[in-house]
Amino acid sequence: MSTITIAERKVGDGARCFVVAEAGVNHNGALDLALRLADVAADAGADAVKFQTFQADRVIAASAPKAAYQTRTTDAGESQLDMVRKLELKREFHRPIAERCAARGILFMSTAFDDESAHFLADELKVPVLKVPSGEVTNAPLLLALARFGLPMILSTGMSMLAEVKTALGVLAFGLMQRQEPPSAAAFADTYASASGRRALADKVILLHCTSEYPAAFDETNLRAMDAMREAFDLPVGLSDHTPGIAVPIAAVARGAVAVEKHFTLDRTMSGPDHKASLEPGELAAMVAGIRAAEAALGRPVKEPTAAELRNRPIVRRGLVAARAIALGETFTADNVTAKRPATGLSPLRYWDLIGRPARRAYAPDEPIGERDEL
């Protein structure tokens, strides 16, 4: 599995999990809320805070219905387009947010949903990574446009079959290699099949497993899909999580997730489509702390005592001692030999080597029976 570099941060095999705090549209179109979200993400210890950059009229048709979760959390009589128009992050807001992130030591990210937004992020704001949302996995023109920037890319794969992910990777490989022949399904497939295409993906692309429901049910999360993608594509794989709470992101890290993305909000009671399925500030901080604890606990694929265990082992393990007073020459038996803490006498594994032998000296009750004395 490869390692991807994002703004001097290594993401992938052997690197610590890249934690993306997904602010999304939870700023409700207000700069002050967006800045507060950036501060919360930095305070929580996330590596990056991610927003969304789009022009609603370029992304959503007037006839598009709302998703069921959006109907539950916003005005059911309002169209998806009208709802999303109010959630646009104004162009003039991006730079002060990016500057706040830089001041707080957290990476600014944003998902581009259209070509013009992608150019704004890559060419003007100079973002170091581009995020592709799950809904765009089959949007080959946008995938190709994003890949041609040559930046590291994080591709969410919610709602996708494995074959669809493979097809999307072919488009990204074609764009990353800056191939100039006419784009086509065949050209994408050929690029993916080539060694150079696979190297381009290994240098630039991180996959995220995702369940595109808000909130997602635990029994529909299927973290083992990360294993399937890792095996199929030999790329770094992480999780974009929409389940309640913080247990699943931590479990994903224990299963090898190289990156975790999680929605957060200032307050779940705020109006808007994503607040109710988001973490609040204290929960976000707890998630990051839990991820770091899980990483520390993973250790190495070796079974051996730790330094602390080596200190404790003589105290906790037992050694052979006299169960009662034993006279010189008396035969060791089950009645006069037992095992007690600490492990200063012979190991209990040597019990049967001792039984039936005559004692070479006298022993007081509980006195350790040592190897130099008897064996």
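Just so it is clear, the structure is predicted and the values come from calculations on it, not from any experiment.

About the cut-offs
- Residues numbered from 1 in each chain as written.
- Predicted model: local features only at pLDDT ≥ 70, side-chain atom pairs only at ≥ 80, totals over all residues.
- Heavy atoms only, no water.
- Helix = DSSP H or I, 4+ residues; strand = E, 2+ residues; numbered from the N terminus.
- Polar contact = N/O pair within 3.5 Å; in protein donor to acceptor, adjacent residues only side chain to side chain.
- Contact = heavy atoms within 4.5 Å.
- Phe/Tyr/Trp six-rings, centres within 6.5 Å; stacked < 30°, edge-to-face > 60°.
- Buried < 20%, exposed > 50% of the residue type's maximum accessible area, 1.4 Å probe, protein only.
- Lys NZ or Arg CZ within 6 Å of the ring centre and 35° of its normal.

**Topic: the side chain of Thr74**
Piece 1. You can see Thr74 is positioned in the loop between α3 (68-73) and α4 (80-85).
Piece 2. There is a polar contact of 2.7 Å between the side chain of Thr74 and the side chain of Lys66.
Piece 3. Within the local environment of Thr74, its side chain forms a polar contact with the backbone oxygen of Gln70, the two atoms lying 2.5 Å apart.
Piece 4. In contact with Thr74, other than residues within four places in its own chain, are Lys66, Met83, Gly272 and Pro273.

**Examining the packing of aromatic side chains**
Piece 1. Taken as a whole, this structure holds seven aromatic pairs when the rule is applied.
Piece 2. Centre to centre, the rings of Phe54 and Phe113 are 5.8 Å apart; their planes meet at 85°, and the pair counts as edge-to-face. Of this pair, Phe54 sits in the loop between β4 (48-53) and α2 (56-59) while Phe113 sits in the loop between β5 (107-112) and α6 (115-124), and the two are 59 residues apart along the sequence.
Piece 3. Consider the rings of Tyr192 and Phe233, whose centres lie 6.5 Å apart with planes at 85°: the pair is edge-to-face. Of the two residues, Tyr192 sits in helix α9 (residues 185-193) while Phe233 sits in helix α11 (residues 224-233), which places them 41 residues apart along the sequence. For the residue pair Tyr192 and Phe233, the accessibility class agrees, reading buried in each case.
Piece 4. One residue, Arg91, lies across the ring of Phe120, its end atom 4.6 Å from the ring centre.

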